[in-house]
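# Inside the fold
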Amino acid sequence: MNFHLLTLFPEAIKPYFDSSLLGKAQEKGIVKIFLHQLRDYATDKHCSVDDRPYGGGSGMILKPDVVVCAVRDLRQKHKIDRVILLSPRGALFTQAGARELSDIQSVLLICGRYEGVDQRAIDLVVDEELSIGDYVLSGGELAAAVVVDAVARLIPGVLGNEKATLDESHTVGAHGCAPLLEYPHYTRPEEFEGMKVPEVLLSGNHAEIEKWRREESLKITCKNRPDLLKKK
Ligand code: ADE
């Protein structure tokens, strides 16, 4: 899968993409990540990419000509299936959304900055707006990195163990039941600072282990995210 990112700060996110799982996925050629500098598409002599909002108000707005020119140029040079703007007012990015995106060949993620993007650019070249949560970041770079990471690890070959993604938090169960948060995990030693690994996990009884894990998933979901249990 190809991820194209349009950003004013490529250097801020490149190290993350080049390390760990995403670095390996790029080395294997399963994932390609291209960082494009938005400022390269500025047209005036000061290379400005933003301007004051009509109607007043605080903050600066990314200029429509710069954003539209960049997206059109990238669409001409690369095969791009979907254009997504990262923005706090976007639809919430979820695990289901990550799965849906992982089936796409090539996506362009626009990292918003300042107060926002001129609405005409959004209307002209953006397919959807995504938010990674109900808080405001200083730009879309971290949000785009979150999307790339969550999507890439679902692509076959990236994790090396696809089954690992089937029973993790936020993933709908095999029977279509509501996504629950993940049960607690333990590794050696069997006893740590007086705390023992739950007996059932040492029993070798897989049916009992499954039952215990499901109960623990329900408990932790009830405690931390009761809203998930109300979802259909
Ligand atoms: N840019 C600023 N805040 C954001 C958020 N919560 N999600 C996506 N992009 C953003």
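As the structure is a prediction and not an experimental result, all values here were calculated from the model. (Residues numbered from 1 in each chain as written. Predicted model: local features only at pLDDT ≥ 70, side-chain atom pairs only at ≥ 80, totals over all residues. Heavy atoms only, no water.)

## Focus on the sheet that holds strand 7 (residues 116–117)
Hydrogen bonds along the backbone pair up the strands of a sheet, which may run parallel or antiparallel. Taken together, 3 strands build an open sheet; the order of strands is 3-4-7 and the sheet is mixed. Both outer strands of the open sheet, strand 3 (50–51) and strand 7, are each paired with one neighbouring strand and no more. Taken together, the 2 bridges between strand 3 and strand 4 (residues 61–62) define a ladder with antiparallel strand orientation. Across the sheet, residue aspartate 50 finds its bridge partner in strand 4, namely leucine 62. (Pairing = 2+ DSSP bridges. Helix = DSSP H or I, 4+ residues; strand = E, 2+ residues; numbered from the N terminus.)

## Some remarks on the pattern of salt bridges
Evaluation of the coordinates by the stated rule reveals 12 salt bridges. Here arginine 82 and glutamate 128 are joined by a salt bridge, their closest N and O atoms 2.7 Å apart. Pair noted here: arginine 82 is in strand 5 (residues 82–92) and glutamate 128 is in strand 8 (residues 128–131), with a separation of 46 residues, a long-range link. Linking lysine 211 and glutamate 215 is a salt bridge whose minimum nitrogen-to-oxygen distance equals 3.7 Å. Taken as a pair, lysine 211 and glutamate 215 lie in helix 7 (residues 206–224) at a separation of 4 residues, close to a single helical turn. Relative accessible area serves as the criterion here: at 47%, lysine 211 is assigned to the partly exposed category. Among the ionic contacts, a cluster of salt bridges with common partners joins Arg82, Glu100 and Glu128. (Salt bridge = Lys/Arg side-chain N within 4 Å of Asp/Glu carboxyl O. Buried < 20%, exposed > 50% of the residue type's maximum accessible area, 1.4 Å probe, protein only.)

## Looking at the domain arrangement of the protein chain
Domain annotation of the protein chain identifies domain 1 (2–152) and domain 2 (166–230). When each unit is reduced to the centre of its C-alpha atoms, the spacing between domain 1 and domain 2 is 35 Å. (Domains from an automatic or database assignment.)

## Details of the environment of glutamine 105
Mapped onto the fold, glutamine 105 is located in the loop between helix 4 (95–101) and strand 6 (106–111). In contact with glutamine 105, not counting residues within four places along its chain, are Met1, Asn2, Lys79 and Asp81. (Contact = heavy atoms within 4.5 Å.)

## Describing the packing of aromatic side chains
Across all of its chains, the model carries 1 aromatic pair by this definition. Here the aromatic rings of tyrosine 16 and phenylalanine 17 are separated by 6.4 Å at their centres, their planes lie at 65°, and the arrangement is edge-to-face. Its relative accessible area of 1% is what places phenylalanine 17 among the buried residues. (Phe/Tyr/Trp six-rings, centres within 6.5 Å; stacked < 30°, edge-to-face > 60°.)

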